[in-house]
Amino acid sequence: AVRIQERKYDEAAAACEKVLKLAPDHIEALRRLGDLALLRQDLNTAAARYARILEVDAGDVPAMTKLGVVRMRSGRPDEAMRLFREAIDREPGNAEALLYLAGGLASAGRSADALPFFERALKADPTSTMALNGLGLARLDLGDTSGAVAAFRESLRLDPKQTAVVVIDMPPIALSTMSFT
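Small disclaimer: the values here were computed from a predicted structure and weren't measured.

How each quantity is defined
Residues numbered from 1 in each chain as written. Predicted model: local features only at pLDDT ≥ 70, side-chain atom pairs only at ≥ 80, totals over all residues. Heavy atoms only, no water. Helix = DSSP H or I, 4+ residues; strand = E, 2+ residues; numbered from the N terminus. Buried < 20%, exposed > 50% of the residue type's maximum accessible area, 1.4 Å probe, protein only. Contact = heavy atoms within 4.5 Å. Phe/Tyr/Trp six-rings, centres within 6.5 Å; stacked < 30°, edge-to-face > 60°. Core = buried A, V, L, I, M, F, W, Y, C linked by side-chain atoms within 4.5 Å. pLDDT = per-residue confidence, 0-100.

Asks: Outline the overall build of the chain, supporting the account with residue identities and numerical values.
Replies: Helices and strands together make up the secondary structure of the chain, namely 12 helices and 0 strands. A burial count over the chain gives 41% of its 181 residues as buried. In the chain, 41% of the contacts between residues at least 6 apart in sequence involve partners at least 24 apart.

This is how it looks when you write it as C-alpha cells:
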C-alpha cells in the first residue's frame, strides 16, 4: 500500500505478484493489482483481477464495484449497472457503488433516476464533492436551479480548488443566472 501511495507502481505490482505466487487467492494482492491495472488503464488485466476476487468471494462489494467501473470504461454499461446494483443490494450504504450507479444513470440521460442515488451517496459520505457535483448537475438537468446552486456551494465550501468541475456542462443561461458565492 505504501508503494502505491508513493506512486512506485512497478514495485507495488512486483510485491503483489510475489504474494500471489505463495497464495494465489490472496484477495488484497489481487485487489491491489486490479487497482494498479485500472490506474494504468489496462482494463483487461483489471477485469481479470476483480473477477478472480469474485470467484474467491462472490460477495466482495469493492471488487464488484471496481469491476463495474471497468465494464463502464469498456463500453459495457448494462453490465456495469448490474454490478453497481448488486453491490448496493449487498451493502446499501456503500458510497462508492451508489456514486457510480448515480453517475451511470446520469450519463445515460436518466437524471431523475440518478438523483436518489446521488442523495444516498451523499448521506453515506457527506464530504463527497463528487456526489455533490453530480447532485448539482442532476438537479440542474431537472430544472431545480436553486437546488443545484446549493449543492455546488456546498461542494465549493468543502473543496474551493475544484471550481472548474462545478461549471462543466452547464448551459450558458444557467451560468449567467447563478452565483456561487
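Asks: So what's going on with unusual backbone geometry? Residues and values would help.
Replies: One non-glycine residue, Q41, lies in positive phi territory at about 65 degrees. Within the secondary structure layout, Q41 lies in the loop between α3 (27–39) and α4 (43–56).

Asks: Can you break down the packing of aromatic side chains residue by residue, with the values?
Replies: Inspection of the entire model under this criterion finds 1 aromatic pair. Ring geometry for F84 and Y100: centres 5.6 Å apart, planes at 15 degrees, overall stacked. Of this pair, F84 sits in helix α6 (residues 77–90) while Y100 sits in helix α7 (residues 95–107), placing them 16 residues apart in sequence. When its relative accessible area of 1% is taken as the criterion, F84 is described as buried. According to the relative accessible area criterion, Y100 is partly exposed, its value standing at 30%.

Asks: Run through the environment of T129, naming residues and quoting values.
Replies: Within the secondary structure, T129 sits in helix α9 (residues 129–141). Separated by 30 residues in sequence, T129 and D159 have C-alpha atoms that sit 7.3 Å apart. Apart from the residues within four sequence positions on either side, T129 is in contact with S155, L158, D159 and Q162.

Asks: Got a sec to walk through the nonpolar core? Specific residues and values, please.
Replies: Soluble globular proteins tend to pack their nonpolar side chains together in the buried interior. Within the largest apolar cluster, 45 residues are counted, with the highest numbers of intra-cluster contacts made by L38, Y50, V70, L101, F117 and F118. At the level of elements, α2 (9–22), α3, α4, α5 (61–73), α6, α7, α8 (111–124) and α9 are the ones that each hand at least two residues to this core. Discounting residues that sit within four places of it in the chain, F118 has contacts with L99, A102, G103, A106, A131, G134, L135 and A138.

Asks: Go over the confidence of the model for the chain with me, naming the residues and quoting the values.
Replies: For the chain, per-residue confidence averages 87 on the pLDDT scale, and 86% of positions sit at 70 or higher. Counting interchain partners and residues more than four positions distant, the pLDDT-below-50 stretch residues 168–181 has 22 contacts.

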